[in-house]
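Listed below are the residues making up each chain.
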Amino acid sequence: QTFFADDDVSASFKIDAIITVVDCKWIRERLDEEKQGENEAVEQVAFADVILINKTDLVDRKQVEDVKKRISTINATAKLIETKYSRVDLNKICNIGGFSLDRVMK
C-alpha cells in the first residue's frame, strides 16, 4: 500500500513483480492450515507473479509436481521456478514486468 499511498514513493519506484518463495517440503501443510482470518501462505501464493519452489532437493519428483499442481489451483498465472537453496537466475525474476495492479485488485 505504501507504493500507492505515498506520492514520492510511487514517483520514484515501481513494483516489477511480487515474488514468493515456498518450501516444497512443507507448503502443502501451510496451505491446508485452518486459521482464524486469512491463511497467509494462501494469500502469498495467490498474489505472487513468480513463485520460487525451493528445497526441491529434499523431496521426490512426485511431490514437486503435486506442489506445482496445488499452487496452480490457487494462482494459475504465476510463473513457477524450481530452486535449491533459493538459487535462481536473476534474469528470471528481475525486470520482468510481472506486476499488475488490476490483477491484484480482482
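Remember, predicted model here, so these are calculated numbers, not experimental data.

Participant: What should I look at first to understand the side chain of Thr 83 in this one?
Facilitator: Structurally, Thr 83 is set in the loop between β3 (79–82) and α6 (101–105). Only 2.9 Å separates the side chain of Thr 83 from the side chain of Asn 54, close enough to count as a polar contact. Discounting chain neighbours no more than four positions away, the residues touching Thr 83 are Leu 52, Ile 53, Asn 54, Lys 55, Thr 56 and Val 88.

Participant: Mind showing me how you'd approach the pattern of salt bridges here?
Facilitator: One pass over the full model with this rule turns up 7 salt bridges. Between Arg 30 and Glu 33 there is a salt bridge whose closest N-O contact spans 2.9 Å. With relative accessibility at 35%, the residue Arg 30 sits in the partly exposed group. Taking relative accessible area as the criterion, Glu 33 reaches 29% and is therefore assigned partly exposed. Measuring nitrogen to oxygen at the nearest pair gives 3.0 Å for the salt bridge that ties Lys 68 to Glu 82. Of this pair, Lys 68 sits in helix α5 (residues 61–74) while Glu 82 is found in strand β3, placing the two residues 14 residues apart along the sequence. In this structure, a network of salt bridges that share partners links the residues Arg 61, Glu 65, Lys 68 and Glu 82.

Reading guide: rules and limits
Residues numbered from 1 in each chain as written. Predicted model: local features only at pLDDT ≥ 70, side-chain atom pairs only at ≥ 80, totals over all residues. Heavy atoms only, no water. Helix = DSSP H or I, 4+ residues; strand = E, 2+ residues; numbered from the N terminus. Polar contact = N/O pair within 3.5 Å; in protein donor to acceptor, adjacent residues only side chain to side chain. Contact = heavy atoms within 4.5 Å. Salt bridge = Lys/Arg side-chain N within 4 Å of Asp/Glu carboxyl O. Buried < 20%, exposed > 50% of the residue type's maximum accessible area, 1.4 Å probe, protein only.

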